Amino acid sequence: MWHQQEIRLPALARGFHLITERIVEAVPELAHCRVGLLHLQLQHTSASLTLNENADPDVRHDMDAFLRRLVPGDLPYFHHTLEGPDDMPAHVIASLLGTQLTLAVRDGRLALGTWQGIRLGEHRDHGGPRRLIITLNGET
Amino acid sequence: MWHQQEIRLPALARGFHLITERIVEAVPELAHCRVGLLHLQLQHTSASLTLNENADPDVRHDMDAFLRRLVPGDLPYFHHTLEGPDDMPAHVIASLLGTQLTLAVRDGRLALGTWQGIRLGEHRDHGGPRRLIITLNGET
Amino acid sequence: MWHQQEIRLPALARGFHLITERIVEAVPELAHCRVGLLHLQLQHTSASLTLNENADPDVRHDMDAFLRRLVPGDLPYFHHTLEGPDDMPAHVIASLLGTQLTLAVRDGRLALGTWQGIRLGEHRDHGGPRRLIITLNGET
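Rules of the game
Residues numbered from 1 in each chain as written. Chains lettered and ligands numbered in written order. Predicted model: local features only at pLDDT ≥ 70, side-chain atom pairs only at ≥ 80, totals over all residues. Heavy atoms only, no water. UniProt positions renumbered as here; feature names shortened; annotations may be inferred. Pairing = 2+ DSSP bridges. Helix = DSSP H or I, 4+ residues; strand = E, 2+ residues; numbered from the N terminus. Axes fitted to C-alpha atoms, helices over the stretch in contact; angles between N-to-C directions. Parallel < 35°, antiparallel > 145°, perpendicular 65-115°, else oblique. Left-handed = near helix turned anticlockwise from the far one by under 90°. Contact = heavy atoms within 4.5 Å. Nonpolar A, V, L, I, M, F, W, Y, C, P; charged D, E, K, R; others polar. Least-squares fit on C-alpha atoms with pLDDT ≥ 70 in both. Salt bridge = Lys/Arg side-chain N within 4 Å of Asp/Glu carboxyl O. Polar contact = N/O pair within 3.5 Å; in protein donor to acceptor, adjacent residues only side chain to side chain. Buried area = accessible area lost by both parts, 1.4 Å probe. Phe/Tyr/Trp six-rings, centres within 6.5 Å; stacked < 30°, edge-to-face > 60°. Buried < 20%, exposed > 50% of the residue type's maximum accessible area, 1.4 Å probe, protein only. Lys NZ or Arg CZ within 6 Å of the ring centre and 35° of its normal. Disulfide = S-S within 2.5 Å.

Going by an unreviewed UniProt entry, chain A carries the name YjbQ family protein and comes from Halomonas icarae. In UniProt, chain A has this text filed under Sequence similarities (unreviewed entry): "Belongs to the UPF0047 family."

**Overview of the sheet that holds strand β3 (residues 35-42) of chain A**
All names here are of chain A. With antiparallel pairing, five strands are arranged side by side in an open sheet as β1-β8-β3-β5-β6. The sheet terminates laterally at β1 (2-9) and β6 (109-110), the two strands that pair on one side only. In this sheet, strand β8 (residues 130-139) lies alongside β1 in antiparallel orientation, the contact comprising eight bridges. Paired with Gln5 across the two strands is Ile134, which belongs to β8.

**A few points about the sheet that holds strand β7 (residues 116-122) of chain C**
Residue and element names in this part refer to chain C. Spatially, three strands are ordered β2-β7-β4 in an open sheet, and the strand pairing comes out antiparallel. Only two strands of the sheet have a single partner each, and these edge strands are β2 (15-18) and β4 (47-53). Across this sheet, the average inter-strand angle for adjacent strands is 35 degrees, counted without regard to direction. Where β2 and β7 come together, four bridges link them in antiparallel fashion. Its bridge partner lying in β7, His17 is registered against Leu120.

**Structural notes on the packing of helix α3 (residues 87-97) of chain A against helix α2 (residues 57-70) of chain C**
Taken N-terminus to C-terminus, the directions of α3(A) and α2(C) make an angle of 70 degrees; their axes are 10 Å apart at the nearest point. Looking at the two axes, α3(A) sits roughly perpendicular to α2(C). Once α3(A) is placed against α2(C), the crossing between them reads as right-handed. Of the residues in α2(C), those in contact with A:Met88, A:His91, A:Val92, A:Ser95 and A:Leu96 of α3(A) are C:Val59, C:Asp62, C:Met63, C:Phe66 and C:Leu67. Across the contact of α3(A) with α2(C), the residue classes tally to seven nonpolar, two polar and one charged.

**Details of the relation of the copies chain C and chain A**
Laying chain C over chain A is done by rotating through 120 degrees and shifting 0.0 Å along the axis; what remains is an RMSD of 0.0 Å. The superposition of one copy onto the other is thereby described by a three-fold rotation axis. Relative to the rotation axis, the C-alpha of C:Leu96 is the closest in chain C, positioned 3.3 Å from it.

**Here's the deal with the relation of the copies chain B and chain A**
Here chain B sits on chain A after a turn of 120 degrees about the axis and a move of 0.0 Å along it, with an RMSD of 0.0 Å. Looking at chain B, a mere 14% of its interface residues are interface residues in chain A too, so the copies touch through different faces.

**Quick look at the interface of chain C and chain A**
Tallying the contact residues gives 34 residues for chain C and 28 residues for chain A. Where chain C touches chain A, the interface holds one salt bridge. The partner of C:Arg106 in a salt bridge is A:Glu6, with the nearest N and O atoms 3.0 Å apart. Scanning the region where chain C abuts chain A turns up 16 residue pairs in polar contact (both at pLDDT 80 or more).

**Some points on the interface of chain B and chain A**
The partner chain A presents 34 residues to the 28 residues of chain B that form the contact. Considering only the side of chain B, the residues that lose the most area to chain A are B:Trp2, B:Tyr77 and B:Ser95, jointly responsible for 25% of the buried surface there. At the junction of chain B with chain A, the criterion picks out one salt bridge. Applying the counting rule to chain B against chain A returns 16 residue pairs in polar contact (both at pLDDT 80 or more). At the level of secondary structure, the elements contributing two or more residues to the side of chain B that touches chain A comprise β1 (2-9), β3 (35-42), α3 (87-97), β5 (100-106) and β8 (130-139) of chain B. The leading source of residues in the side of chain B that touches chain A is α3(B), at six residues. Of the residues that constitute the side of chain B that touches chain A, the class distribution is twelve nonpolar, 15 polar and one charged.

**Some words on the packing of aromatic side chains**
Scanning the entire structure with this criterion turns up three aromatic pairs over all chains. Where C:Tyr77 meets C:Phe78, the ring centres are 5.4 Å apart and the plane angle is 80 degrees; that geometry is what we call edge-to-face. The residues C:Tyr77 and C:Phe78 share a single accessibility class, namely buried. Directly above the aromatic system of B:Tyr77 lies the positively charged group of A:Arg69, at a separation of 3.7 Å from the ring centroid.

**Describing the environment of A:Glu21**
Residue and element names in this part refer to chain A. You can see Glu21 is positioned in helix α1 (residues 20-26). Residue class for Glu21 comes out exposed when judged on its relative accessible area of 52%. Sequence-wise, Glu21 and Glu6 are 15 residues apart; in three dimensions their C-alpha atoms are separated by 16 Å.

**Description of the state of the cysteines**
Counted by the stated rule, this structure contains zero disulfides over all chains. Considering cysteine sulfurs only, C:Cys33 is the nearest to B:Cys33, which forms no disulfide, with 17 Å between them. Residue classification places B:Cys33 among the buried positions, given a relative accessible area of 1%.

**Focus on unusual backbone geometry**
A negative phi angle is the norm for most residues apart from glycine, just as the trans form is the norm for most peptide bonds. Residue and element names in this part refer to chain A. Although it is not a glycine, Asp107 sits at a positive phi angle of roughly 50 degrees. Counting through the fold element by element, Asp107 comes out in the loop between β5 (100-106) and β6. Judged by its relative accessible area of 60%, Asp107 falls in the exposed class.

Below is the structure:
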């Protein structure tokens, strides 16, 4: 079985946001998939997708705080500055974390570890809504 | 063909470990796959999977040494510190490197380059055993 | 449908290079795929594949400039130095950005966002030609 759809996430604040439930609810076809893979791809270059801790909000805070310092906006050798000091760092972070994820599906559910959640990283100050393509491939 | 299984890696020291042979030996079904993809997904948020140099142990040492300095454990703005100074860095590194890999399969084998090997990155001081879901999809 | 092939990219200068058109032209089978996934895997450990901004060359310049400073070649604790000061940084950057990508296919085309392009990151000073395995899986 193949299934593909596009969803739209509303504008979110800069930082990391758990979107596991939103993804799962958007794809009821998942329940019919015995074994397969779910692929997620952002349509953007200044936000990211990553699998990480799903419980303590401090982990999301600390990861964002670290990345803001790792890639500051005012590096003197940056040329791409017309879209604001948050834009070039957002591109760099999007490539460091990635904008697509492939996740195992087992018995109609995402085969995530106990502490794993899907996170959207919004790396712009005012990023706007984000579009995501979901592709499910597997056997029923 | 679809095939899926879960394997358990024993506790490994902090750093990078080649696990290519372990993966290949765990999936004899690979030999029957003419063309396909092998997907690996850790069930954890403080270890990583990455494809990199398979020969010189110094490369594994240097990459770990670099990442320890890139994400130190005592950053004053880290809030998530209850699980020890190695925990928050491990979460950050897991997202920088990733916790899943998709690998090409050709003629019954992983289509790796001469110098490519699958590496588990253990980013905790005492990480314990790690579970991994292997999903193979392809045609015979 | 499954389709797999290997392509060879000519030697490119250190930095980031857009290869979207080159990939698409190499795989005419893409046009027959209604929904699917295209997987790309470099056969090397000192170059990378990433999805990022496809328009302004400054973004590619800035990302390379940032990564060169993030992972300098003369770190005193690097042991793997026999292949030159650009080699160990190239291995680190290859793992930070990744050497494989999985991309959504829709209606015979890559389902990329308006500003998304596939980039090859060449992280060696004189990297030579790079081999890439392309695997397409989908339904017609």
